[in-house]
Amino acid sequence: MDYTVFAKDLLRRKMALENAYTAVREEMIALENEKTACRSISDSVPITGSGTNKYEEKLVAIIAKLDDATFRKNVILRELRLINRGYKSLTDYEKSILDGFFVHGEKSAADSLMSKFYKERSTIYDDRTKALDKFTRCVYGVVKI
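Residues numbered from 1 in each chain as written. Predicted model: local features only at pLDDT ≥ 70, side-chain atom pairs only at ≥ 80, totals over all residues. Heavy atoms only, no water.

Caption draft 1: Structural view of the pattern of salt bridges. Counted by the stated rule, this structure contains nine salt bridges. Residues Asp9 and Arg13 are paired through a salt bridge, measuring 3.1 Å at the closest nitrogen-oxygen approach. With relative accessibility at 37%, the residue Asp9 sits in the partly exposed group. A salt bridge links Arg72 to Asp68; its shortest N-O distance comes to 3.0 Å. Highlighted residues: Arg72 and Asp68, both in helix α3 (residues 54–88), separated by four residues, approximately one helical turn. Residue Arg72 is classed as partly exposed on the basis of its relative accessible area of 29%. Because the salt bridges share partners, they merge into one network encompassing Asp9, Arg13 and Glu79. (Salt bridge = Lys/Arg side-chain N within 4 Å of Asp/Glu carboxyl O. Buried < 20%, exposed > 50% of the residue type's maximum accessible area, 1.4 Å probe, protein only. Helix = DSSP H or I, 4+ residues; strand = E, 2+ residues; numbered from the N terminus.)

Caption draft 2: Molecular detail of a nonpolar patch on the surface. A cluster of nonpolar residues, Met1, Phe6, Val142 and Ile145, forms a patch on the protein surface that exposes about 410 Å² of accessible area. Take Met1: it is sitting in the segment before α1 (3–12). (Patch = residues over 30% accessible without salt bridge, like charges linked within 9 Å, V, L, I, M, F, W, Y side chains within 5 Å. Areas by Shrake-Rupley, 256 points an atom, 1.4 Å probe, with all protein chains shown as cover.)

Caption draft 3: Quick look at unusual backbone geometry. In this structure, Tyr118 takes a positive phi of about 55° despite not being glycine. On the accessibility criterion, Tyr118 (76% relative accessible area) is exposed.

Caption draft 4: Expanded view of helix α6 (residues 121–140). Relative to the 28 Å expected for 20 residues at 1.5 Å per residue, α6 spans 28 Å between its end C-alpha atoms, a close match to the ideal helical length. Within α6, the full set of buried residues consists of Ile124, Asp127, Ala131, Leu132, Phe135, Thr136 and Val139. Looking at the buried residues of α6, the elements they touch are α1, α3, α4 (92–103) and α5 (109–117). (Expected span 1.5 Å × (residues − 1). Contact = heavy atoms within 4.5 Å.)

Listed below in structure tokens is the structure:
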């Protein structure tokens, strides 16, 4: 099994994961505010013959949405932590290579990296392989099994 495939996929999703984390955090804040408002209203409304009121039912629905958002946030955080763990071991040069080829998916990543770091194309590709292997080892512990 080649774990570099998983590492490449993880790197390609880095920007989307960061955006998703922000969106889920904002969603959770809005749900918390809605829950607080609904709870204060439900406390002042009398209970009907069924034993509940419409605000309590809405509160239960909000809490369910909040639980789902918390679960999604934890999944996103787990993947972002994997990426951060892998990036901690890399030099700035290696991060730039992985960002250019995988995170930002530049079509001419090699050309822009060649001019930025004054290196030959073959060196950039060799360094890309080394950086990806290093990242993969830090994230998954192995490169290939």
